[in-house]
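# Report on the structure
Residue-level listing of the chains:
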Amino acid sequence: MAREIKVMVVDDSAVVRRVMSTILERDPGIRVIATAHDPIFAIEKMRRDWPDVLTLDIEMPRMDGITFLGQLMAERPTPVVICSSLTTAGAETTLQALAAGAVAIISKPGLGVGSFLEDSSDNLIAAIKAAARANMRAVQHGVRTSVRCPATPRLAMAQTTERLVAIGTSTGGTVALEVLLTELPRVSPGIVIVQHMPEMYTAAFAARLDGLCEISVQEARNGQRVLPGLALIAPGGKHMQLTRSGAQYLVEVKDGPPVNRHRPSVDVLFRSVAKYAGKNAMGVIMTGMGDDGARGLKEMHDAGSYTLAQDEATCIVYGMPREAVKRGAVDRSLPLAALATAIMSGPPAARAGMAGL
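Residues numbered from 1 in each chain as written. Predicted model: local features only at pLDDT ≥ 70, side-chain atom pairs only at ≥ 80, totals over all residues. Heavy atoms only, no water.

If you look the chain up in an unreviewed UniProt entry, it shows as Protein-glutamate methylesterase/protein-glutamine glutaminase from Candidatus Accumulibacter phosphatis. According to UniProt, the comment filed for the chain under the heading Subcellular location (unreviewed entry) is "Cytoplasm". The Sequence similarities (unreviewed entry) comment attached to the chain in UniProt states, word for word, "Belongs to the CheB family." (UniProt positions renumbered as here; feature names shortened; annotations may be inferred.)

This is the structure:
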């Protein structure tokens, strides 16, 4: 039998600690070994019994969560799931936590504990299980790289302006996308991205990346055109699809039921790219739990798109890429650091010869 996942809940709210512990203890594969109202108290308990996964609030007395996270990653890297209120003001802080090494973010309940139990319990348990499997070496590397490493040489644009790149990612994707997008020059193909992320975080995430990248990064708007040097990130809580009007690619942002338990869904994006861009597109599937995107990438591959997967060694969670590889959807698996060069180089001659609509 699989070993139980030992979890510690760190939050200054007694109500949140109790509710989260109740949710997690319902799963037979999870055991809450301790709770703590701040990081100082947590450290004392961790020395007696180190958890496999930590859930961590950001705003706490005596020491804030980001400071604690930085110390933890420097001294003994441990998977951390950030549990934070979904407020625009706190979104940038939460993204800083992800950049500092947190594996995932989960919406923390505000006044309505019942709504948290109903709406977020499955996501919380899934995040804990994904975090327990996280590749902490990849997390550490991502943290170091996001502080800044030398950029790869800027390459001349190898593709026509009608080409585009579709990227799908989930757990660990915020750091991975930062590494990838900061390596792309202004002349890169247009990019459409689905990153599994709650509502109200994607705008701040896009703004953060826009300030770091040579390309422009924006939260996608319905009807927006896909242009070279522009990356569009699907808004949290909405699906994003590609469509075409004459020679122009556009995105549609719309409501709809979750697909593969996600909204936005990578499969929804990839399937639309297969339909409307086909051989003119490149598909990239990156770190993440589950199989969202694997079927859609196979449709892209079958439509003539050149398809890439982030390799296991550099994924924080090698779930989505693994499923895509198993389905025969991937032309090449590459380390995270090699993806930008592959995007700018385009498909090899065998694939490039098929390009064009």
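### Topic: the overall build of the chain
Each helix and strand in the chain was counted, giving 13 helices and 14 strands. Of all 357 residues assigned to the chain, the portion counted as buried reaches 57%. A separation threshold of at least 6 residues defines the contact pool for the chain, and within that pool the share at least 24 residues apart is 74%. (Helix = DSSP H or I, 4+ residues; strand = E, 2+ residues; numbered from the N terminus. Buried < 20%, exposed > 50% of the residue type's maximum accessible area, 1.4 Å probe, protein only. Contact = heavy atoms within 4.5 Å.)

### As for the packing of aromatic side chains
Under the counting rule described, the total for this entry stands at zero aromatic pairs. Above the face of the Trp50 ring, Arg76 is positioned so that its terminal group lies 4.1 Å from the ring centre. (Phe/Tyr/Trp six-rings, centres within 6.5 Å; stacked < 30°, edge-to-face > 60°. Lys NZ or Arg CZ within 6 Å of the ring centre and 35° of its normal.)

### Focus: the sheet that holds strand 13 (residues 306-310)
Strand pairing in a sheet relies on backbone hydrogen bonds, with the paired strands running either antiparallel or parallel. What the seven strands build is an open sheet, ordered 8-9-7-6-12-13-14; its pairing is parallel. The outermost strands of the open sheet, each flanked by one partner alone, are strand 8 (216-219) and strand 14 (332-334). Averaged over neighbouring strand pairs, the angle between their axes works out to 20° when direction is ignored. One ladder, built from five bridges, connects strand 6 (residues 164-169) with strand 12 (residues 281-285); its direction is parallel. Residue pairing in the sheet places Ile167 in a bridge with Val284 of strand 12. (Pairing = 2+ DSSP bridges. Axes fitted to C-alpha atoms, helices over the stretch in contact; angles between N-to-C directions.)

### Brief notes about the pairing of strand 13
Strand 13 sits mainly inside the fold: five of its five residues count as buried. Judged by which residues are buried, strand 13 turns out to be covered on both faces: Tyr306, Leu308 and Gln310 on one side and Thr307 and Ala309 on the other are all buried. Bridge count for strand 12 against strand 13 is four bridges, and the pairing is parallel. Paired with Ile285 across the bridge in strand 13 is Ala309. One crossover worth recording links strand 13 to the parallel strand 14 by way of helix 11 (residues 320-326), and it is right-handed. (Right-handed = clockwise from strand over helix to strand, strands pointing away.)

### Brief notes about the UniProt feature "modified residue: 4-aspartylphosphate" (unreviewed entry) in the chain
The positions that UniProt labels "modified residue: 4-aspartylphosphate" (unreviewed entry) are, in the present scheme, Asp57. Looking at the secondary structure, you find Asp57 in the loop between strand 3 (53-56) and helix 3 (65-75).

### Here's the deal with helix 10 (residues 294-302)
Residues three or four positions apart in an α-helix share a direction because the helix packs 3.6 residues into each turn. Buried within helix 10 are the following residues: Ala294, Gly296, Leu297, Met300 and His301. Projected onto a plane normal to the axis of helix 10, the buried residues spread over an arc of 160° and lie on a single side. Gly304 sits one or two positions beyond helix 10 and adopts a positive phi of about 105°. (Arc of directions from axis to C-beta.)

### Here we look at the side chain of Thr202
Positionally, Thr202 belongs in helix 8 (residues 202-212). Of note is the side chain of Thr202, whose polar atom sits 2.6 Å from the side chain of Glu219. With near-sequence residues (within four places) excluded, Thr202 lies in contact with Met197, Glu219, Ile233, Ala234, Pro235 and Gly236. (Polar contact = N/O pair within 3.5 Å; in protein donor to acceptor, adjacent residues only side chain to side chain.)

### Some remarks on the packing of helix 7 (residues 173-181) against helix 12 (residues 336-345)
Axis separation between helix 7 and helix 12 bottoms out at 8 Å; the angle between their running directions is 45°. By the criterion of interaxial angle, the relationship of helix 7 to helix 12 is oblique. Note that helix 7 runs across helix 12; the crossing there is right-handed. Touching Ala176, Val179 and Leu180 of helix 7 are Leu336, Leu339, Ala340 and Ile343, all from helix 12. When its residues are assigned to classes, the contact of helix 7 with helix 12 shows seven nonpolar, no polar and no charged. (Parallel < 35°, antiparallel > 145°, perpendicular 65-115°, else oblique. Left-handed = near helix turned anticlockwise from the far one by under 90°. Nonpolar A, V, L, I, M, F, W, Y, C, P; charged D, E, K, R; others polar.)

### Here we look at the sheet that holds strand 2 (residues 30-36)
As summarised here, the arrangement of the five strands in space is 2-1-3-4-5, forming an open sheet in which the pairing is parallel. The two strands at the open ends of the sheet, each matched to only one other strand, are strand 2 and strand 5 (104-107). Going across the sheet, the axis of each strand differs from the next one's by a mean of 25°, ignoring polarity. Direction of pairing for strand 1 (residues 5-10) relative to strand 3: parallel, over a ladder of four bridges. Bridge pairing in strand 3 places Val9 opposite Thr55. Relative to the sheet, helix 1 (residues 14-25) contacts strand 1, strand 2, strand 3 and strand 4 (80-84), its axis offset from that of strand 2 by approximately 165°. Together, strand 3 and strand 4 form the strand contacts of helix 3, whose direction differs from that of strand 3 by roughly 160°.

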